[in-house]
Amino acid sequence: MDAFRAKMDERLQQRFNAKLLTLWPFGAQVLFCNGDINSVDDLKGKKVRVFTPSMSRLVEGLGATPVTLQFSEVYLALQRGVADCGVTAPSAGNSGKWPEVTKVLLPLPLSYSVQGHFMNLDRWKALSPEQQAKLEAEFKKMDDRMWNLANDYNKDAIQCSTGQGECKHHTAYSMREVPIDGQNRQRVVELTNQAVLPAWGASCSRGYKECKSVWNETVGQATGFSIQ
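None of these values were measured; they are calculated from a predicted model.

Draft legend 1. Spatial organisation of the layout of surface pockets. In this structure, the largest pocket encloses a volume near 1800 Å³. Forming the walls of the largest pocket are 50 residues, and the residues nearest its centre are Met1, Tyr112, Ser113, Val114 and Trp215. Of all the secondary-structure elements, those providing two or more residues to the lining of the largest pocket are α1 (2-16), α2 (53-61), β6 (104-111), α6 (129-162), α7 (182-207) and α8 (211-223). Per-element accounting of the lining of the largest pocket gives the leading share, 9 residues, to α7. By volume, the second largest pocket is sized at about 270 Å³. Lining the second largest pocket are 13 residues, with Asp2, Arg5, Leu21, Lys140 and Asp143 positioned closest to its centre. Every element with two or more residues in the lining of the second largest pocket is listed here: α1, β1 (18-25) and α6. With 6 residues, α6 is the single largest residue contributor to the lining of the second largest pocket. Its residues assigned to classes, the lining of the second largest pocket comprises 5 nonpolar, no polar and 8 charged.

Each value, and the rule that gives it
- Residues numbered from 1 in each chain as written.
- Predicted model: local features only at pLDDT ≥ 70, side-chain atom pairs only at ≥ 80, totals over all residues.
- Heavy atoms only, no water.
- 1 Å grid on protein atoms, 1.4 Å probe; cavity = no way out; pocket = protein on both sides within 12 Å on 5 of 7 lines; lining within 4 Å.
- Points joined across faces, edges and corners; volume = space filled by probe spheres on them.
- Helix = DSSP H or I, 4+ residues; strand = E, 2+ residues; numbered from the N terminus.
- Nonpolar A, V, L, I, M, F, W, Y, C, P; charged D, E, K, R; others polar.

Put into structure tokens, the structure is as follows:
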């Protein structure tokens, strides 16, 4: 996000007349599953609840069948076997009582979501340089706090769902957590580059012709996820 922040701010100003003030994560989207799951390769043949086209392509690349469901429908789908796995943030899954109807937590992020705070650009420009600097400094503090809160809250959700460590803010369950090694992570990286980013890049470029170059110059250089 640090790599992409300046370009995102520039684009928001152009398209929405908005000034970017914070960007912080909603939570890594991980897998709550039933069945004998010990790695991402064990998802082959499973029905996995997803909610974005990019996530569908990633799940298909793993040999699973994506099933699009609203969050409110997932509990019953997991309970009745309509879906074998569901993807959501650790906190959302715990709050939605998914551990009641699943046995295995695969804490490998298949997606991330970000949120932000924005300000009308005309109002921003009406402020003095001193006022702008003060606001930016305070929102930077808030940004840092929100990142720390998200990390701590999702860590707590995983600990609570799996019955490991201290559980402060969520309901305690006893799911089995699957250890995620480098091979599992590399598999997702490869599929992201092969199956997800090309289609996403084509879609993004239809509305913003500089999309690929901006992505590769910022996120691509920082992470290795480049659009060809």
